[in-house]
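# Results of the structural survey
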Amino acid sequence: MKTVYVDNNATTMVAPEVKEAILPYFSEFYGNPSSMHFFGGQVQKKVNEARDKVADLLGADPTEIVFTSCGTESDNAAILGTLDSYLDKRHFITSRVEHAAVNNVASYLGRKGYRVTELLVDRKGRLDLDDLREAITDQTAVVSIMYANNETGVIFPSKKLVRS
Ligand SMILES: Cc1ncc(COP(=O)(O)O)c(C=O)c1O
């Protein structure tokens, strides 16, 4: 029976060239990159090369690139890490249609005494930029809005959101 997989927005097959590139790190170069010995050091060199390439692609400095193990950790690190830099600001804005990993951080922040604003979307899943503008105050530390919704396919106007 032929299988047709139509859930590529949830997870997709690893590209063959990515699989090929990563394979040696399961069998040959498996040292801990933070180790002091040569076996780990050669892996650290490769991690740093990858960091340089990602930075180059994004037009960022390599020191700004942090590799994480998964999406949930990335969300937590970005949101909680940024809030940690603005301890005097206690307001977090997100939308009702974020991934559960972000919604869970919003609930956590609510329990921690933060004011949390969850913006609603319309029947077509679109955000109202005026709602966002109205929600932002001088107490707002972080606005966390996804770029594209994985269920509705709606792409949020991230550049306009940043200018709000
Ligand atoms: C924004 C966001 N956060 C978290 C996740 C969950 O990722 P993971 O299972 O790697 O933690 C996803 C998955 O698609 C995501 O889109």
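Up top is the structure.
Just so you know, these numbers come straight off a predicted model, no measurement behind them.

### Looking at the site of the ligand
- Close to the ligand lie Cys70, Gly71, Thr72, Asp75, His99 and Ala101, which account for all nearby residues.
- The contact in question runs from an oxygen atom of the ligand to an N or O atom on the backbone of Gly71, over 2.9 Å.
- Between a nitrogen atom of the ligand and a side-chain N or O atom of Asp75, the distance comes to 2.5 Å.
- When isolated, the ligand has an accessible area of 400 Å², and the protein chains bury 53% of it.

### Focus on helix H5 (residues 100-111)
- Compared with an ideal rise of 1.5 Å per residue, which puts 12 residues at 16 Å, H5 spans 16 Å between its outermost C-alpha atoms and is within 8% of the ideal.
- Those residues of H5 that are buried lie in contact with helix H4 (71-85), strand S1 (91-95), strand S2 (115-119) and strand S3 (140-144).
- Following H5 by one or two positions, Gly113 has its phi on the positive side, about 95°.

### Considerations on the environment of Arg51
- Looking at where Arg51 falls in the secondary structure, it is placed in helix H3 (residues 38-58).
- The sequence separation of Arg51 and Ala101 amounts to 50 residues, and the corresponding C-alpha distance is 25 Å.
- Here Ile65 takes part through its backbone oxygen, which lies 2.9 Å from a polar atom of the side chain of Arg51.

### Some points on the sheet that holds S2
- Taken in spatial order, the 3 strands line up as S2-S1-S3 in an open sheet, and their pairing is parallel. In the strand order of this sheet, the two ends are held by S2 and S3, each with one partner. Here the average twist between neighbouring strands, direction ignored, is 15°.
- Most of the contacts of H4 go to S3, to which it runs at about 165°, and overall it touches S1 and S3.

### Considering the packing of aromatic side chains
- Scanning all chains against the criterion turns up 2 aromatic pairs.
- Consider the rings of Tyr25 and Phe29, whose centres lie 5.7 Å apart with planes at 40°: the pair is tilted.
- Since its relative accessible area comes to 28%, Tyr25 is described here as partly exposed.
- Look at Phe29 and you get partly exposed, because its relative accessible area is 21%.
- An angle of 80° between the planes, with centres 5.1 Å apart, marks the rings of Tyr30 and Phe39 as edge-to-face.
- Here Phe39 falls in the partly exposed class, since its relative accessible area comes to 33%.
- Of note, Arg90 hangs over the ring of Tyr114, and the distance from its end group to the ring centre comes to 4.1 Å.

Rules and cut-offs
- Residues numbered from 1 in each chain as written.
- Predicted model: local features only at pLDDT ≥ 70, side-chain atom pairs only at ≥ 80, totals over all residues.
- Heavy atoms only, no water.
- Near = heavy atom within 4 Å.
- Polar contact = N/O pair within 3.5 Å; in protein donor to acceptor, adjacent residues only side chain to side chain.
- Areas by Shrake-Rupley, 256 points an atom, 1.4 Å probe, with all protein chains shown as cover.
- Helix = DSSP H or I, 4+ residues; strand = E, 2+ residues; numbered from the N terminus.
- Expected span 1.5 Å × (residues − 1).
- Contact = heavy atoms within 4.5 Å.
- Pairing = 2+ DSSP bridges.
- Axes fitted to C-alpha atoms, helices over the stretch in contact; angles between N-to-C directions.
- Phe/Tyr/Trp six-rings, centres within 6.5 Å; stacked < 30°, edge-to-face > 60°.
- Buried < 20%, exposed > 50% of the residue type's maximum accessible area, 1.4 Å probe, protein only.
- Lys NZ or Arg CZ within 6 Å of the ring centre and 35° of its normal.

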